[in-house]
Amino acid sequence: MSALGYFRSLADRFLRRGQTEQEMEEELRMHLEQRANDLERSGLDRREAERRARLEFGGYDRFKEECRESFAGNFLETMLQDLRYSLRLLRKSPGFTLVAIGTLTLGIGANAVVFGVLNGLILRPLSVPEPQSLYMIEREKANGSASYPDYIDLRDRNRSFDGLAAFNFDQAGLDLGTGSSRVWLCDVSGNYFDVLRIQPALTALPTWC
Amino acid sequence: MPDQAQLLPGTLDLLILKAVSLGPLHGYGILLRIGQISGQALLIEQGALYPALFRLVRQGLLKANWGVSENNRRAKFYELTAAGRKRLREETEGWNRLAAAIGSALAAAPEES
């Protein structure tokens, strides 16, 4: 199907509806008239000729309806009718409608939450270069943490990784001039940013890092 | 009327394309032309022509323009588009293949089968 023909037909159906309808009528009427003329010429009287022409044409209104259906965009019209019909039905049985809407709401909501958590924790990779080659080393029997001297030993004897950085979650008091408040912070070893190959957002690192 | 054959489904479109390929025509003219080139041997419900014409226009195989008929009346004339010409060629080949196959199948004598 050519796109041009399709869109022209769509425009005929929706934008120029009255004119299209009128032209269709004119076209079909002319057919009947011409047929009647031909029959009359072959010897029938006018009224008999017109009757025969209508008979040979077949169901006038049925074919007109079929003509309308051949326009593009008929599915749009049908879909709108279906939509209106279902809305009417839903309004008729508010109990069912409420249960249906509630079920859908809960279902969609639960799905969205689960996906949100999963996306944050598992699906979205860390925003560092080569996140797939990042590993965490933990001691099995010390709540997962290692002492600083242990870290130094591991770091200096490391032959398996490009680099080894240490971090530790901590709390401290922070005073920005408006009274102190408790904040979470992360102590990290000096090579932390190098190992992760990232730059701090706000400032360049001091050289002693 | 002599004995007339019913149209097979789908053949009306092909006949319309063929009729129009010989020159632009209005609806009634197409009917007459089909009657003429088929030797009046096909039974066509005249009204069925118009849904078919509208469909062919939508498919871009025909294009329609209002003009003036032979008896000086405003009339809608149909003519083939390039796509319509191509479709006519393809459908004609397909029809010939089908007719030949059915023909030879029905002509098969018992000892040949």
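Quick notes on the rules
- Residues numbered from 1 in each chain as written.
- Chains lettered and ligands numbered in written order.
- Predicted model: local features only at pLDDT ≥ 70, side-chain atom pairs only at ≥ 80, totals over all residues.
- Helix = DSSP H or I, 4+ residues; strand = E, 2+ residues; numbered from the N terminus.
- Buried ≥ 20, exposed ≤ 12 C-beta atoms within 10 Å, placed from the backbone.
- Contact = placed C-beta atoms within 7 Å.
- Nonpolar A, V, L, I, M, F, W, Y, C, P; charged D, E, K, R; others polar.
- Expected span 1.5 Å × (residues − 1).
- Core = buried A, V, L, I, M, F, W, Y, C linked by C-beta atoms within 7 Å.
- Pairing = 2+ DSSP bridges.
- Axes fitted to C-alpha atoms, helices over the stretch in contact; angles between N-to-C directions.
- Parallel < 35°, antiparallel > 145°, perpendicular 65-115°, else oblique.
- pLDDT = per-residue confidence, 0-100.

This paragraph deals with the overall build of chain A. Broken down by element type, chain A carries 8 helices and 2 strands. Counting from the amino terminus, helix and strand elements in chain A follow one another as α-α-α-α-α-α-α-β-β-α. Considering chain A as a whole, with its 209 residues, one finds that 8% of them fall into the buried category. For chain A, long-range pairs separated by at least 24 residues make up 36% of all intrachain contacts whose partners lie at least 6 apart in sequence.

Turning our eyes to something else, we now look at the interface of chain B and chain A. Often, the extent of an interface is quoted as the loss of accessible area upon association of its parts. The interface is formed by 18 residues belonging to chain B together with 24 residues belonging to chain A. Elements that contribute at least two residues to the side of chain B that touches chain A include exactly helix H2 (27-37), helix H3 (49-58) and strand S5 (74-80) of chain B. Taken together, the residues of the side of chain B that touches chain A sort by class into 8 nonpolar, 5 polar and 5 charged.

Our next topic: helix H2 (residues 17-41) of chain A. Here H2 of chain A contains 25 residues, and its C-alpha end-to-end distance of 36 Å stays within 8% of the 36 Å for a straight helix at 1.5 Å per residue. The first or second residue beyond H2 of chain A is Gly43 of chain A, which carries a positive phi of 120°.

Among soluble globular proteins, nonpolar side chains are generally buried collectively. One finds Ile16, Val20, Ile30, Leu53 and Leu62 of chain B to be the most contacted residues of the largest nonpolar core, which totals 28 residues. For this core, the elements supplying multiple residues, two or more each, are helix H4 (60-69) of chain A together with helix H1 (11-21), H2, H3, strand S4 (62-68) and S5 of chain B. Among the elements that make up this core, the one with the highest residue count is H3 of chain B (7 residues). Ignoring anything within four residues of it in the chain, the contact list for Leu53 of chain B reads Ile16, Gly27, Leu62 and Tyr78 of chain B.

This part is about the sheet that holds S4 of chain B. Residues and elements named next belong to chain B. Taken in spatial order, the 3 strands make up an open sheet running S2-S5-S4, and their pairing is antiparallel. For this open sheet the edge positions go to strand S2 (25-26) and S4, each flanked by a neighbour on one side alone. Sheet analysis places S4 next to S5, joined by 7 bridges and oriented antiparallel. By the bridge assignment for S5, Leu62 is matched with Leu80.

Let us now look at the pairing of strand S1 (residues 167-175) of chain A. In terms of burial, S1 of chain A is largely open, as just 0 of its 9 residues are buried. Between S1 of chain A and strand S2 (residues 180-188) of chain A, which pair antiparallel in sequence order, lie 4 residues; one of them, Gly177 of chain A, sits at a positive phi of approximately 95°.

It is worth spelling out unusual backbone geometry at this point. Despite not being glycine, Arg197 of chain A shows a phi value in the positive range, around 55°. Its location among the elements puts Arg197 of chain A in the segment after helix H8 (192-196). What makes Arg197 of chain A exposed here is the crowd of 11 C-beta atoms within 10 Å. Notably, Gln40 of chain B is not glycine yet its phi reads approximately 60°, a positive angle. Tracing the chain through its elements places Gln40 of chain B in the loop between H2 and strand S3 (42-43).

Now for the packing of H1 of chain B against H3 of chain B. Residues and elements named next belong to chain B. At a minimum axis distance of 10 Å, the contact between H1 and H3 shows a crossing angle of 70°. Between H1 and H3, the angle is such that the two are roughly perpendicular. Every residue of H3 that contacts H1 at Leu12, Asp13 and Ile16 is listed here: Ala52, Leu53 and Leu56. Within the contact of H1 with H3, the residues separate by chemical class into 5 nonpolar, no polar and 1 charged.

So, about the confidence of the model for chain A. Parts of the model with low pLDDT should not have their predicted coordinates read in detail. Scored by pLDDT, chain A has a mean of 84; 94% of the residues are at 70 or more. The least confident element of chain A, judged by mean pLDDT, is helix H1 (residues 3-14) of chain A at 74; the most confident is helix H6 (residues 94-123) of chain A at 91.

On to the environment of Leu39 of chain A, then. All names here are of chain A. Within the element layout of this structure, Leu39 appears in helix H2. Taking the C-alpha atoms as reference, Leu39 lies 7.7 Å from Ala53; in sequence the two are 14 residues apart. In this structure Leu39 touches Leu44, Ala49, Arg52 and Ala53, once residues within four positions along its chain are discounted.

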